Amino acid sequence: MQGQEYYWFFSHAAPQYGGIITTSTWPIPSGDTVSVIGEILDELVSRHEVLRSTFPISGNGHPVQRIHEPYHVQIHLGAEGEDAQCLATHLMSRSMDVSVDWPVRVGLVMKKNEPHELVLVANHIAIDGHTIMLLQREYETLAGRGNSPVPLGTPTQPLERARAERISKRTDQYFRDFFDRMPSRMFHTYHPGARNGGSGFDAATLCMPGIFHSAERIAKRHRVTPAMVFATAYTIVVSALSGQRSCAFDSASINRHEEDTQNLVGCLFQPALSFVDVHPEATLKATLREVFRATLLGLRHGQYSYWRMRELMSRASSTRGVNLRLAVHYNYLQIDNIPEQEIAGRPDILPWGSYPLEWERSVDWEDYDTDLYFRVGGYGSKLDALFLLAHESVLNPPQLENSLRAIAGIIAEWADRAELEDQTISDIVKQFNVPVINPGDDWVYVDHSWINTSELADILMELPGVEFAEVQVTAPGVCGVEEIDHDVVGKLIAHVMSQQRDVTPGRLRQHVLAALPDNPAIITPHWFAVFDEQPSASEGLVNWGRVRLEGTGVGPDPEVSTSSTEQVLCAVFAHYHGFPVGSLADSYVLAGGDPSLTPALVRHLADKGFPGLLPDDFLSPRPLSAIAKIMGRFGNAQSFNSG
């Protein structure tokens with residue numbers, strides 16, 4: 001199913017993380033023996049195909065769900081005194097390989113040699129939040145305690161659902177528009193960690209009694225959901241932190257609208273992509289409406305093929321000359337059991353800035369697609385929890401704390417003082433001490449993104465033959481820039497001095513495209529002007545002479561190399577796709593590459609002596625020739641056999 005595609009990709013693209021795992025716990029009434037529990041779990045496995053499935057890479061490289069015969073569930077009995085959290089940690093201690101391992105593991109918390117709680121650990125590829133509710137309900141029915149007046153019916157299986165899924169043309173267009181205007185990344189300070197490994201994350205939890213009731217009061221006044229209230233406060237903080245008026249983020253979409261999905265055990269959850277314009281002079285009330293509009297639009301397109309979305313994202317990256325990174329996440333957990341006193345009226349609580357934070361330092365979190373993650377709601381005794389996690393290059397601990405307290409403060413004050421919603425966002429940011437992170441002098445705002453022109457000039461000078469480079473922002477029409485789309489005023493112009501004739505706009509563009517994934521502070525210049533002579537300086541201004549070559553650099557590479565590693569890459573590409581590479585100057589997707597095949601390509605190359613590549617290398621704007629150079633650093637083309 002489409003909801004499983006991302007989790008399959010993540011499990012195979014980053015196997016070192018063992019997949020994305022979810023845990024749940026439910027009580028076991030007195031009298032249920034280990035034997036009875038095992039029989040019920042075996043029945044659940046028999047009823048639901050996804051619980052007895054593995055998800056390997058097929059022989060032709062495509063993702064596949066392999067359904068097996070029912071099996072006997074192995075139950076791990078916790079030691080006396082071992083609580084649910086410790087038991088879940090133990091169950092997760094062994095990596096869960098979706099190719100060969102069952103997607104669920106079960107443990108029992110034991111007290112006085114009797115089962116007390118059931119702990120379920122599952123790979124997200126098989127289970128979402130709705131599925132956990134279904135499984136618990138079916139467990140109770142099979143145990144004879146359920147409310148169902150009739151026996152359980154035949155469930156819908158994921159295969160039936162997958163056959164009915166389609167790629168929507170409207171969703172395609174939504175993604176095209178989204179990727180054409182989203183920032184290259186939300187935070188200009190972001191920098192990736194070590195290759196094939198994660199970086200540091202810090203996280204804080206703020207438990208604030210009454211915060212959900214406050215959001216409900218605001219939501220009722222504006223006829224929206226509490227989730228939209230929290231999303232508005234979060235978006236305001238993200239905009240201030242990033243210096244972005246254009247905020248791109250994703251939020252959870254359960255995709256359980258159709259009747260046939262209500263009893264389906266499987267993962268239909270997908271992140272819905274939303275794009276919010278935050279204007280400093282807009283009021284808080286107007287911003288709530290904008291967040292509601294944008295989020296609702298994203299949710300309408302929240303059911304899609306992950307492969308198709310990545311294809312469109314990669315095409316936009318290559319065409320725009322940016323490395324798009326969507327790494328701001330929002331997750332609102334549905335809270336059903338808020339204490340009664342919070343619903344009846346707001347209890348006596350401390351000032352919103354007085355509650356202590358619970359810190360987690362150096363969190364073990366996948367550094368795959370996360371810069372900032374905000375979760376509303378918790379588990380167990382922490383239902384009223386706000387959780388914020390940040391990549392170490394995005395926020396330091398004081399900034400993280402101020403951000404989390406600002407979100408809580410905006411909502412608490414907004415609930416009590418309705419007039420707050422008539423204040424501007426710039427005033428809200430000041431009033432609640434939202435951290436504002438401004439770029440320095442070398443930064444410019446171009447193509448919806450903050451760009452460091454000094455870093456870009458340095459990268460241009462790394463190309464052999466380039467003796468001097470300077471990058472400027474200029475208005476359309478200057479320096480002969482007439483072929484550029486003028487929808488966004490201001491373009492990046494690269495002035496390059498080189499006496500070598502092979503330094504052309506096309507080669508310069510290829511060089512920058514290759515550098516984008518490892519250098520998030522840059523994008524590809526929109527125009528290249530190549531000069532033979534060093535510029536002169538007069539009264540502090542750089543004066544360039546007569547231009548030798550100029551242009552966008554878009555087009556076929558005039559010199560297609562045939563190095564041994566490039567030949568290997570072309571052979572593997574043709575092996576999986578059935579057609580040859582047209583131009584090594586193209587990115588993988590522009591060459592016709594299938595995103596779903598990238599884990600197979602990476603594994604094939606590693607098995608043949610070319611380790612070190614990642615699927616995201618193929619889905620980046622890097623030209624295939626640049627990927628071949630990465631291969632050359634790790635492997636030996638002489639011993640390669642494409643089969």
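Look up: the structure comes first, before these words.
These notes cover the structure that comes with them. (Residues numbered from 1 in each chain as written. Predicted model: local features only at pLDDT ≥ 70, side-chain atom pairs only at ≥ 80, totals over all residues. Heavy atoms only, no water.)

1. Here we look at the sheet that holds strand β7 (residues 201–207)
Defined as follows: Pairing between strands is defined by DSSP: at least two bridges between them are needed. A run of DSSP states H or I qualifies as a helix once it reaches four residues; a run of E qualifies as a strand once it reaches two. Both are numbered from the N-terminal end. Convention adopted: a line fitted to C-alpha atoms gives each axis, helices being fitted over their contacting stretch, and angles between N-to-C directions are expressed from 0 to 180 degrees. Whether two residues are in contact is decided by their heavy atoms: any pair within 4.5 Å suffices.
Strand order in the open sheet made by the 7 strands is β9-β8-β10-β12-β13-β7-β11, with mixed pairing throughout. The open sheet has two free edges, formed respectively by β9 (270–277) and β11 (357–360), since each of these has just one partner strand. Each strand of the sheet is rotated relative to its neighbour by a mean of 20 degrees, with strand direction disregarded. Sitting on the sheet, helix α8 (residues 226–242) touches β8 (246–253), β9, β10 (328–332), β12 (372–376) and β13 (385–391), and the angle it makes with β10 is about 160 degrees.

2. Some thoughts on the packing of aromatic side chains
Put simply, the test is: Aromatic pairing here means that ring centres of Phe, Tyr or Trp (its six-membered ring) are within 6.5 Å. Orientation follows from the plane angle: under 30 degrees is stacked, over 60 is edge-to-face, and everything else is tilted. The classification of residues rests on relative accessible area computed with a 1.4 Å probe and restricted to protein chains. Under 20% of the type maximum is buried, over 50% is exposed, and intermediate values are partly exposed. Charge-over-ring placement is defined geometrically: NZ (Lys) or CZ (Arg) within 6 Å of the ring centre, and within 35 degrees of the ring normal.
Applying the stated rule across the entire model yields 25 aromatic pairs. Between the aromatic rings of F178 and F275, the centroid separation amounts to 6.0 Å while the plane-to-plane angle is 80 degrees, which identifies the pairing as edge-to-face. With F178 in helix α6 (residues 169–181) and F275 in strand β9, this pair connects stretches of sequence that are 97 residues apart. F275 gets classed as buried once you look at its relative accessible area, which sits at 3%. Taking 5.6 Å as the distance between ring centres and 55 degrees as the angle between the ring planes, the aromatic pair formed by F212 and F230 counts as tilted. Of this pair, F212 sits in helix α7 (residues 211–222) while F230 sits in helix α8, and the two are 18 residues apart along the sequence. Positioned over the ring face of W359 is R361, at 4.5 Å from the centre of the ring. The ring of F387 has R375 lying over it, and the distance from NZ or CZ to the ring centre is 4.6 Å.

3. Quick notes on the pattern of salt bridges
What counts, and what does not: The term salt bridge refers to a pairing of a side-chain nitrogen on Lys or Arg with a carboxyl oxygen on Asp or Glu at a separation within 4 Å.
Taken as a whole and assessed by the stated rule, the structure comprises 22 salt bridges. With a closest N to O distance of 3.8 Å, R105 and D101 form a salt bridge. Taken individually, R105 and D101 each receive the classification buried, so the pair is uniform in this respect. Note that E401 is salt-bridged to R405, the shortest N-O span being 3.1 Å. Of this pair, E401 and R405 both sit in helix α12 (residues 397–416), 4 residues apart, which is roughly one turn of that helix. On the basis of relative accessible area, E401 is assigned to the partly exposed category, the value being 26%. Among the charged side chains, a network of salt bridges with common partners joins D172, R308, E311 and R315.

4. Examining the sheet that holds strand β5 (residues 104–111)
With respect to topology, 4 strands assemble into an open sheet ordered β1-β6-β5-β4, the strand pairing being mixed. The strands lining the two open edges of the sheet, one partner per strand, are β1 (21–27) and β4 (75–77). Strand-to-strand twist of the sheet, defined as the mean angle between neighbouring strand axes without regard to direction, takes the value 25 degrees. Looking at chain direction, β1 and strand β6 (residues 114–123) are connected through 7 bridges and run antiparallel. Counted as the bridge partner of S24 is L120 from β6. Across the sheet, helix α2 (residues 34–47) is in contact with β4, β5 and β6; its angle to β4 comes to roughly 150 degrees. Contacts from helix α4 (residues 129–142) reach β1 and β6 within the one sheet, and its direction differs from that of β1 by about 30 degrees.

5. Notes on the packing of α8 against helix α9 (residues 284–300)
Note the cut-off: Orientation labels follow simple angle bins: below 35 degrees gives roughly parallel, above 145 gives roughly antiparallel, 65 to 115 gives roughly perpendicular, and whatever is left gives oblique. Under the convention adopted here, Pro, Cys and the residues Ala, Val, Leu, Ile, Met, Phe, Trp and Tyr are nonpolar, Asp, Glu, Lys and Arg are charged, and Gly plus all remaining residues are polar.
Across the interface, α8 lies against α9 with an axial gap of 9 Å and an inter-helix angle of 110 degrees. Relative to α9, the element α8 is oriented roughly perpendicular. Only L284, T287, L288, V291, F292 and T295 of α9 make contact with α8, whose side of the interface consists of M228, V229, A231, T232, T235 and I236. Here the residues of the contact of α8 with α9 are counted per class, giving 8 nonpolar, 4 polar and no charged.

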